[in-house]
Amino acid sequence: MSEQITGALFKEMILHSAAALSAKKEAINDLNVFPVPDGDTGTNMSMTIAAAVTELEKSAPYRLDEAASVTASALLRGARGNSGVILSLLFRGLARSLKGAESADAAVFAAAMQEGVSAAYKAVMKPAEGTVLTVSRLAAKRAVDAAAAGADPEAMLVQALEEGRTALAETTEINPVLKKAGVVDAGGKGYLLILEGMLAAVRGEPVPEVEPETRGKADFAALTDEEITFTYDTVFIVRKKPGAAIEPFRAFLSSIGDSLVIGEDDEAFKVHVHTDIPGDALNEARKYGTLELAKIENMRLQYEDMAAGRKTRSTDDLDAVEAELEAMEHPAEPVEQKPYGFLAVCAGEGLEAIFRDLGADGIVSGGQTMNPSTESILAAVEQIPAETVFILPNNGNIILAAQQCADLTEKRVVVIPTKTVPQGITALMNADFDAPDPETLTAGMTECLGSVTTAAITYAARDSDYDGFSIHAGDYLALEEGKLFGSDSTLDSLLDRIAHAAAALRASFISLYFGEDVDEPSAKAAGKIFETACPDAEVAVLYGGQPVYYYMISIE
């Protein structure tokens with residue numbers, strides 16, 4: 001039993017916590033009551049803490065403050081979604097409190113936990129109770145009281161967990177939405193899994209085995225060159241066409257390679273295969289859906305590198321290699337910094353083109369189902385040659401992650417709180433590129449957000465009884481300003497209802513951005529529905545190419 005929490009022990013606490021979250025992330029995702037496809041809490045928290053594991057595994061910190069600092073920095077950069085950002089804030093405050101500490105007893109560590117909670121409350125603009133904030137606050141308070149009464153680290157964490165579980169159960173009563181659905185807060189549940197992992201580490205338990213996701217990495221240590229039957233380790237992800245059955249594709253891949261693994265859900269499938277003709281595999285995949293990501297590595301060259309004691313070549317290094325080659329061919333010239341730059345977050349080639357046409361200097365791919373990390377947003381900020389960079393997150397679950405960039409760059413970062421793509425487009429259309437100062441530009445882009453109402457049509461990701469709607473997985477869902485507007489088994493009926501709602505708002509301008517699963521004739525027919533319901537409005541139908549959402553609709 002440990003009386004002191006050292007750097008080495010803290011590292012084990014994070015590794016345990018990450019394993020606990022990874023094992024239960026889908027169970028946490030299932031607690032999300034909103035039925036639309038979303039950047040779910042379990043996934044975001046798990047990916048966030050995984051960033052800390054990656055950094056900690058590169059080092060063997062002896063001092064506690066060093067381990068806590070590495071963890072907090074990695075969490076900040078790897079934070080995804082609001083839940084990931086709040087998690088990073090909890091650890092940022094903890095790390096600050098532990099600065100200068102070689103190790104900590106229960107009292108010092110409990111005080112650091114409480115400081116982490118304070119940091120999270122201060123950073124969140126409108127802290128909501130009945131969430132992870134409540135659970136962490138009450139757990140930390142109990143930890144402080146237990147330590148003051150003489151508890152050692154193990155007993156302190158036991159009591160913190162006990163209080164946290166009570167607080168988690170009460171979130172159902174505090175939050176009306178959770179009460180109606182009969183579930184507890186997902187973020188709070190994730191936080192308790194972290195505490196459980198910490199307690200297991202303090203007790204000296206081994207890190208549990210968690211079945212890893214297929215990453216397509218060959219185990220070269222177990223191979224000889226002769227055992228590499230096929231040359232190319234090939235991994236790719238395909239978003240499926242509606243109703244696509246991939247068994248014929250599985251048979252095709254088996255005929256051209258080995259080590260075949262296919263993971264599939266309702267929306268997409270991921271392939272790992274060893275083959276000599278990766279191009280054929282990718283071309284055949286296009287019959288079953290839209291290719292999203294691909295990774296091809298030469299296992300023979302990687303084996304040769306490893307056998308010679310060299311760093312193995314990987315697509316993970318591709319960006320650095322390309323940058324090095326580019327620098328050799330074209331020595332970098334100083335780029336003149338302009339006063340203002342603009343960065344938009346969106347998914348879909350049509351939407352990307354629209355933002356660039358309106359003046360966006362950079363695009364970060366992401367949105368509702370794929371919340372980008374703070375680090376990926378920061379990397380895009382750094383690429384923009386501007387003194388002040390305005391970020392349009394275009395999603396309420398990305399705003400906090402974008403805001404964290406301000407502390408990580410010498411540039412001035414201004415986050416315009418756009419919660420939808422139509423809001424982002426409106427903000428950029430109202431940007432005064434010649435504004436005398438950032439404050440004036442910020443005011444102009446922010447003030448116009450109230451003039452646009454956003455509607456959208458997607459599908460139900462899960463069965464739900466939500467806000468008076470009895471919803472079944474696969475139903476069409478209409479949203480207005482992020483809230484459920486209606487559900488139906490037919491798309492046109494929802495479009496008609498939204499069109500009449502637009503008419504009631506006396507809309508002057510209506511823009512329909514149609515997604516990757518909608519063909520142009522269907523989109524034009526949808527536009528006719530709005531033209532009929534809103535004869536005095538100017539209706540535009542534009543290709544967005546976004547996944548998940550059949551239509552994003554801007555009503556002004």
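Below is a summary of the structure that appears in this document.

The rules we used
- Residues numbered from 1 in each chain as written.
- Predicted model: local features only at pLDDT ≥ 70, side-chain atom pairs only at ≥ 80, totals over all residues.
- Heavy atoms only, no water.
- Phe/Tyr/Trp six-rings, centres within 6.5 Å; stacked < 30°, edge-to-face > 60°.
- Helix = DSSP H or I, 4+ residues; strand = E, 2+ residues; numbered from the N terminus.
- Buried < 20%, exposed > 50% of the residue type's maximum accessible area, 1.4 Å probe, protein only.
- Polar contact = N/O pair within 3.5 Å; in protein donor to acceptor, adjacent residues only side chain to side chain.
- Pairing = 2+ DSSP bridges.
- Contact = heavy atoms within 4.5 Å.
- Salt bridge = Lys/Arg side-chain N within 4 Å of Asp/Glu carboxyl O.
- Axes fitted to C-alpha atoms, helices over the stretch in contact; angles between N-to-C directions.

### Comments concerning the packing of aromatic side chains
(1) Moving on: In total, this model carries nine aromatic pairs according to the counting rule given.
(2) Moving on: A centroid spacing of 5.2 Å and a plane angle of 85 degrees characterise the contact between phenylalanine 342 and phenylalanine 433, whose relative ring orientation is edge-to-face. With a gap of 91 residues between them, phenylalanine 342 in strand E5 (residues 338-346) and phenylalanine 433 in the loop between helix H17 (421-429) and helix H18 (438-447) connect regions that are remote in the sequence.
(3) Moving on: Take phenylalanine 342: its relative accessible area is 1%, and that puts it in the buried class.
(4) Moving on: With centroids separated by 5.5 Å and ring planes inclined at 65 degrees, the aromatic side chains of tyrosine 476 and tyrosine 550 adopt a geometry described as edge-to-face. You can see tyrosine 476 sitting in strand E12 (residues 476-480) and its partner tyrosine 550 sitting in the loop between strand E15 (538-543) and strand E16 (551-555), a full 74 residues away along the chain.
(5) Moving on: Residue tyrosine 476 is classed as partly exposed on the basis of its relative accessible area, which comes to 23%.
(6) Moving on: Members of the aromatic cluster, joined through ring pairs, are Phe236, Phe249, Phe252 and Tyr288.

### Side note on the environment of aspartate 519
(1) Moving on: By the element assignment, aspartate 519 lies in the loop between strand E14 (509-514) and helix H20 (520-533).
(2) Moving on: For aspartate 519, a relative accessible area of 43% corresponds to the partly exposed category.
(3) Moving on: In sequence terms aspartate 519 and tyrosine 550 are 31 residues apart; their C-alpha atoms lie 9.9 Å from each other.
(4) Moving on: Of note is the side chain of aspartate 519, whose polar atom sits 2.6 Å from the side chain of serine 522.

### Regarding the pairing of E12
(1) Moving on: With five bridges joining them, strand E9 (residues 453-459) and E12 adopt antiparallel strand pairing. From the neighbouring strand, alanine 456 faces E12, where its bridge partner is leucine 479.
(2) Moving on: In this structure, E12 lies alongside strand E13 (residues 483-488), joined through five bridges in antiparallel fashion. Within the sheet, the bridge partner assigned to tyrosine 476 lies in E13 and is aspartate 488.
(3) Moving on: Connecting E12 to the antiparallel partner E13 that follows it, the hairpin turn spans two residues, and glutamate 481 within it adopts a positive phi of roughly 55 degrees.

### Focus on the environment of threonine 6
(1) Moving on: With respect to the element layout, threonine 6 can be found in the segment before helix H1 (7-29).
(2) Moving on: Placed 59 residues apart in sequence, threonine 6 and aspartate 65 show a C-alpha to C-alpha distance of 8.7 Å.
(3) Moving on: Setting aside residues up to four positions removed in sequence, threonine 6 forms contacts with Tyr62, Leu64, Glu102 and Ser103.
(4) Moving on: Here leucine 9 takes part through its backbone nitrogen, which lies 3.2 Å from a polar atom of the side chain of threonine 6.

### Description of the pattern of salt bridges
(1) Moving on: Within the structure shown, the criterion is met by 17 salt bridges.
(2) Moving on: Glutamate 162 is the partner of arginine 142 in a salt bridge, and the nearest nitrogen-oxygen pair spans 2.8 Å. Of this pair, arginine 142 sits in helix H6 (residues 132-148) while glutamate 162 is found in helix H7 (residues 153-174), placing the two residues 20 residues apart along the sequence.
(3) Moving on: Across the salt bridge formed by aspartate 361 and lysine 338, the nearest N and O atoms sit 2.4 Å from each other. Note that aspartate 361 is positioned in the loop between helix H14 (349-357) and strand E6 (362-365) and lysine 338 in strand E5, a separation of 23 residues in sequence.
(4) Moving on: Among the charged side chains, a network of salt bridges with common partners joins Arg63, Asp65 and Glu102.

### Topic: H17
(1) Moving on: The buried fraction of H17 is high, at eight of nine residues.
(2) Moving on: Looking at H17, one finds that the buried residues are Val421, Pro422, Gln423, Gly424, Ile425, Thr426, Ala427 and Leu428.
(3) Moving on: The distance from a side-chain oxygen at the start of H17 to the backbone nitrogen of glutamine 423 is 3.2 Å, and the residue carrying that oxygen is threonine 420.

### Overview of the sheet that holds strand E8 (residues 412-415)
Pairing between the strands of a sheet comes from backbone hydrogen bonds, and it takes one of two forms, parallel or antiparallel.
(1) Moving on: Here four strands make up an open sheet; going across it, the order is E6-E5-E7-E8 and the pairing parallel. The open sheet has two edge strands with one neighbour each: E6 and E8. Pairs of neighbouring strands in the sheet enclose a mean axial angle of 25 degrees, with direction left out of account.
(2) Moving on: The pairing of E5 with E6 spans four bridges and is classified as parallel. Note on E6: the bridge partner recorded for alanine 344 is isoleucine 363.

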